Amino acid sequence: MKPKFLWIRPFLLILLFAILFQGCDRVKEWVNLASHVESKSDKSEKSKSGDPHDDDADDDDSDDDSDDDDADDGAARHANADKSHEGHEGEEHAEHLHKVIVTQPVRKDVVSTQSYVCQIHSCRHIELRALESGYLEEISVKEGQFVHQGDSLFRVIPALYQAKLETEMAEAKLVEIEYNNAQKLFEQNVVSAQEVALAQAKVAKAQAQVRLSKAELDFANVKAPFNGIINRLLCQQGSLVSEGDVLTTLSDNSLMWVYFNVPEARYLEYKTSIEGRDHNLEIDLILADHSKFDQPGAIGAIAAEFNNETGNIAFRADFQNPNGLLRHGQTGNILLHRPLAGAIVIPQRATFEILAKRFVFVVDKDNVAHQREIEIQSEMDDIFIIGHGIDADENIILEGVRQVRDGEKIEFEFRDSAEVLGNLKNKAE
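Calculation notes
Residues numbered from 1 in each chain as written. Predicted model: local features only at pLDDT ≥ 70, side-chain atom pairs only at ≥ 80, totals over all residues. Heavy atoms only, no water. Phe/Tyr/Trp six-rings, centres within 6.5 Å; stacked < 30°, edge-to-face > 60°. Helix = DSSP H or I, 4+ residues; strand = E, 2+ residues; numbered from the N terminus. Buried < 20%, exposed > 50% of the residue type's maximum accessible area, 1.4 Å probe, protein only. Pairing = 2+ DSSP bridges. Core = buried A, V, L, I, M, F, W, Y, C linked by side-chain atoms within 4.5 Å. Contact = heavy atoms within 4.5 Å.

**Remarks on the packing of aromatic side chains**
Consideration 1: Here the structure, examined in full by the defined rule, presents 8 aromatic pairs.
Consideration 2: On the numbers, 6.4 Å between centres and 80 degrees between planes, the contact of Y267 with F315 is edge-to-face. Of this pair, Y267 sits in helix α6 (residues 264–273) while F315 sits in strand β12 (residues 312–320), and the two are 48 residues apart along the sequence. There is no split in this pair, since Y267 and F315 are both buried.
Consideration 3: Measuring from ring centre to ring centre gives 5.4 Å for Y270 and F315, while their planes differ by 80 degrees; the resulting arrangement is edge-to-face. Here Y270, found in helix α6, pairs with F315, found in strand β12; they are 45 residues apart in sequence, far enough to count as distant.

**Observations regarding the pairing of strand β18 (residues 395–399)**
Consideration 1: Burial analysis of β18 places 4 of its 5 residues in the buried class, which makes it a mostly covered element.
Consideration 2: In the sheet, strand β1 (residues 101–103) pairs with β18 via 3 bridges, with the strands oriented antiparallel. Bridging across to β18, I101 finds its partner in E399.
Consideration 3: With 2 bridges joining them, strand β15 (residues 357–363) and β18 adopt antiparallel strand pairing. When the bridges of β18 are listed, V362 appears paired with I396.

**Notes on the nonpolar core**
Consideration 1: Counting 26 residues, the largest nonpolar core has V147, L153, F154, I230, V241, L247 and L250 as its most contacted members.
Consideration 2: Those elements that place two or more of their residues in this core are β5 (152–156), α4 (159–187), α5 (193–219) and β9 (246–263).
Consideration 3: Other than its neighbours up to four places away in sequence, I230 contacts L128, V141, K142, E143, G144, Q145, V147, L153, T248, T249 and L250.

Below, the structure written as structure tokens:
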């Protein structure tokens, strides 16, 4: 080896030292590169000096080159195999795409059902308050008890009111005696007619005071103003109550008022097509356990104004409650059932939504799909009742909606609408 290549060996030692202490993969590459350069240099020197072993070295180099070529060929074959595999997968994916199924809307008579959250109230629900101050002497009822009109419920100690009544009755008796005396003296021409009239006025005043004292005494006894159910007792026997204190509440549950809020659009629909034909509107009440109340309902009243914050108006449905199942304060859902004649119906899965709007793909006579907005009039389990947007004689895409683009010509399979409606399972995409 000539002196000009003596620098290679120290360089290799330095790199080897770096590999041992640094573990750097990059350095290993440099070492391999340097070894390759040194080997090439030695081979070139030997070829110039006529070393007999050069032929063997050259053979080795050619073998190495052939090995490298074989490796390159293997990598190329592997890459081609990967491309072939990917192409095969793409073909399989294309084969697994769902077929585009087309059907038609159906015009039929349906029953449109609208659901609203509701609150249940008694037709009469009042607070029973103390009319006078004092101690509760007697409580004649229990919580949850049914009472009849006129039943005594609470009684405040009436001692003061009884004494006042007796005083007023004595005063009335006194002025009545004075009146009788004045009447006799008038008949004897002893007193004038004015004296008799004055005595008569005193009698009337005393009798009015007696009636007032009786009313005050009756205020100490709280009675039921109508038939109903007693709620929780807020005061116990012996409690000191003031005038106006709430003692309990009384609910008449014979007729229940069910309130629910209706959007303005539904209100206008009701006023234009329902009012005057109430026999066509069926109202059901669904309770909290998802059971249906066994009594039918009827619209009893509509509020006088809309809520400006929500845009809704309150409706009231009346339900008879013969078994007392419903109580004041319950909640549930109101179902309004309205028959629609000749409504256009499509499956929900034939539609798709963009920015809170509903669309379908309509296929024309040239098999070109066109995106079209529709208006949903009502929603049922698996179908939409269409307000406007499509006609019953047009073709719409049922399956494969996401595979189609607006204005694209498609190949499809037509499926009869009766078969489609008989096998509905899926919702809209």
